[in-house]
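Letter by letter, the chains look like this.
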Amino acid sequence: MTNLKSSENLSRFVQLFTLNDAEATQRVSERLALVLRDPAAYQEQFAEELEERGIVAALPVQELRDLALIDALLAEELLWESDWKDPAADLVYGINETLTQQKKSMRLHEPASGRATVTGPEALDIVQDLAEPVGLAVVLFTLDSDSYALSVVADAQAEEARQLALELGFGVTVY
């Protein structure tokens, strides 16, 4: 893949989350281009932020790349990070906050009362069940921890998100 094509794919991938916010697209793309081009320089430049996560040693490239994606989107409030023990209702709240930041008018409905307190992987299933009717796909970012890093893309762009993440080397699961 040429550098130009790689750069275009990175920008297309980032825009799935930043939508029409050109400044956010540029900030996220620049940060991710650095980690893809020079992981050691990325780790040095963002050492303080990584240290806040408890990371002080060099990370494997894949883990650093995935963390850079999460932190770049988190900095723009385009991702919700929650504990895996958080109930489905909290995940829905987080996704709705992300939708607000994306300037989308749609919202996920609250989970039914019996499902609102469900945690773990089942909570992710509930969130996706609520996202599908409004045309959204939930994106789970790879994070080697006890938390979920979540965002959303338009359901029609779910396959594109999967493919671009794979081409660029980011670990994501698009429901």
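Residues numbered from 1 in each chain as written. Predicted model: local features only at pLDDT ≥ 70, side-chain atom pairs only at ≥ 80, totals over all residues. Heavy atoms only, no water.

1. Considering the confidence of the model for the chain
Parts of the prediction with low pLDDT should not have their coordinates interpreted in detail. Chain-level pLDDT for the chain is 93 on average; 98% of the residues reach the 70-or-more range. Averaged over each element, pLDDT in the chain is lowest for helix H1 (residues 3-18) (90) and highest for helix H6 (residues 88-101) (97). (pLDDT = per-residue confidence, 0-100. Helix = DSSP H or I, 4+ residues; strand = E, 2+ residues; numbered from the N terminus.)

2. A look at the nonpolar core
One finds Phe-13, Phe-17, Leu-32, Leu-69, Leu-73, Phe-141 and Phe-170 to be the most contacted residues of the largest nonpolar core, which totals 37 residues. Broken down by element, this core gets its largest block of residues, seven residues, from helix H5 (residues 61-75). Not counting chain neighbours up to four residues away, the residues in contact with Leu-73 comprise Phe-17, Val-28, Leu-78, Leu-79 and Phe-141. Counting 18 residues, the second-largest nonpolar core is a separate cluster that includes Ile-95, Val-127, Leu-130 and Val-152. (Core = buried A, V, L, I, M, F, W, Y, C linked by side-chain atoms within 4.5 Å. Buried < 20%, exposed > 50% of the residue type's maximum accessible area, 1.4 Å probe, protein only. Contact = heavy atoms within 4.5 Å.)

3. Description of H6
Residue pairs three or four apart in sequence face the same way in an α-helix, which turns once every 3.6 residues. The terminal C-alpha atoms of H6, which comprises 14 residues, lie 20 Å apart, in line with the 20 Å expected from a rise of 1.5 Å per residue. Considered for burial, the residues of H6 that qualify are Ala-88, Ala-89, Leu-91, Val-92, Gly-94, Ile-95, Asn-96, Thr-98 and Leu-99. Buried residues along H6 sit in contact with strand S1 (80-83), helix H7 (121-131), strand S2 (136-141) and strand S3 (147-154). Directly after H6, the chain includes Lys-103, whose backbone phi takes a positive value near 65 degrees. (Expected span 1.5 Å × (residues − 1).)

4. Concerning the pattern of salt bridges
Per the counting criterion, the structure on display carries seven salt bridges. Glu-160 is the salt-bridge partner of Arg-12, the closest N and O atoms lying 3.2 Å from each other. Taken as a pair, Arg-12 in helix H1 and Glu-160 in helix H8 (residues 158-168) lie far apart in primary sequence, 148 residues in all. A relative accessible area of 38% places Arg-12 in the partly exposed class. (Salt bridge = Lys/Arg side-chain N within 4 Å of Asp/Glu carboxyl O.)

5. Focus on unusual backbone geometry
Within the chain, Leu-19 stands out as a residue other than glycine whose phi angle is a positive 55 degrees. A positive phi angle is found at Lys-103, which is not glycine, with a value near 65 degrees. Tracing the sequence through the fold places Lys-103 in the loop between H6 and H7. Judged by its relative accessible area of 71%, Lys-103 is exposed.

6. Observations concerning the side chain of Gln-43
Looking at the secondary structure, you find Gln-43 in helix H3 (residues 39-45). Once you skip the residues sitting within four places of it in the chain, Gln-43 turns out to touch Leu-50, Ile-55, Ala-57, Ala-58, Leu-59 and Leu-64.

7. Focus: the packing of H6 against H7
H7 packs onto H6 with a crossing angle of 45 degrees between their chain directions and a minimal axis gap of 9 Å. On the basis of the axis angle, H6 is oblique to H7. Once H6 is placed against H7, the crossing between them reads as right-handed. On the side of H6, the interface is formed by Ala-88, Leu-91, Val-92 and Ile-95, while H7 contributes Ala-123, Leu-124, Ile-126, Val-127 and Leu-130. (Axes fitted to C-alpha atoms, helices over the stretch in contact; angles between N-to-C directions. Parallel < 35°, antiparallel > 145°, perpendicular 65-115°, else oblique. Left-handed = near helix turned anticlockwise from the far one by under 90°.)

8. Examining the sheet that holds strand S4 (residues 172-174)
In spatial order, the strands read S1-S3-S2-S4; together these four strands make up an open sheet with antiparallel pairing. Either end of the sheet is taken by a strand with one partner, and the two such strands are S1 and S4. Mean inter-strand twist for the sheet, computed between neighbouring axes without regard to direction, equals 30 degrees. Bridging between S2 and S3 involves six bridges; their strand directions are antiparallel. Bridging across to S3, Leu-136 finds its partner in Ala-154. (Pairing = 2+ DSSP bridges.)

9. Describing the side chain of Ser-147
Topologically, Ser-147 is positioned in strand S3. For Ser-147, a relative accessible area of 14% puts it in the buried group. Within the local environment of Ser-147, its side chain forms a polar contact with the side chain of Glu-81, the two groups lying 3.3 Å apart. (Polar contact = N/O pair within 3.5 Å; in protein donor to acceptor, adjacent residues only side chain to side chain.)

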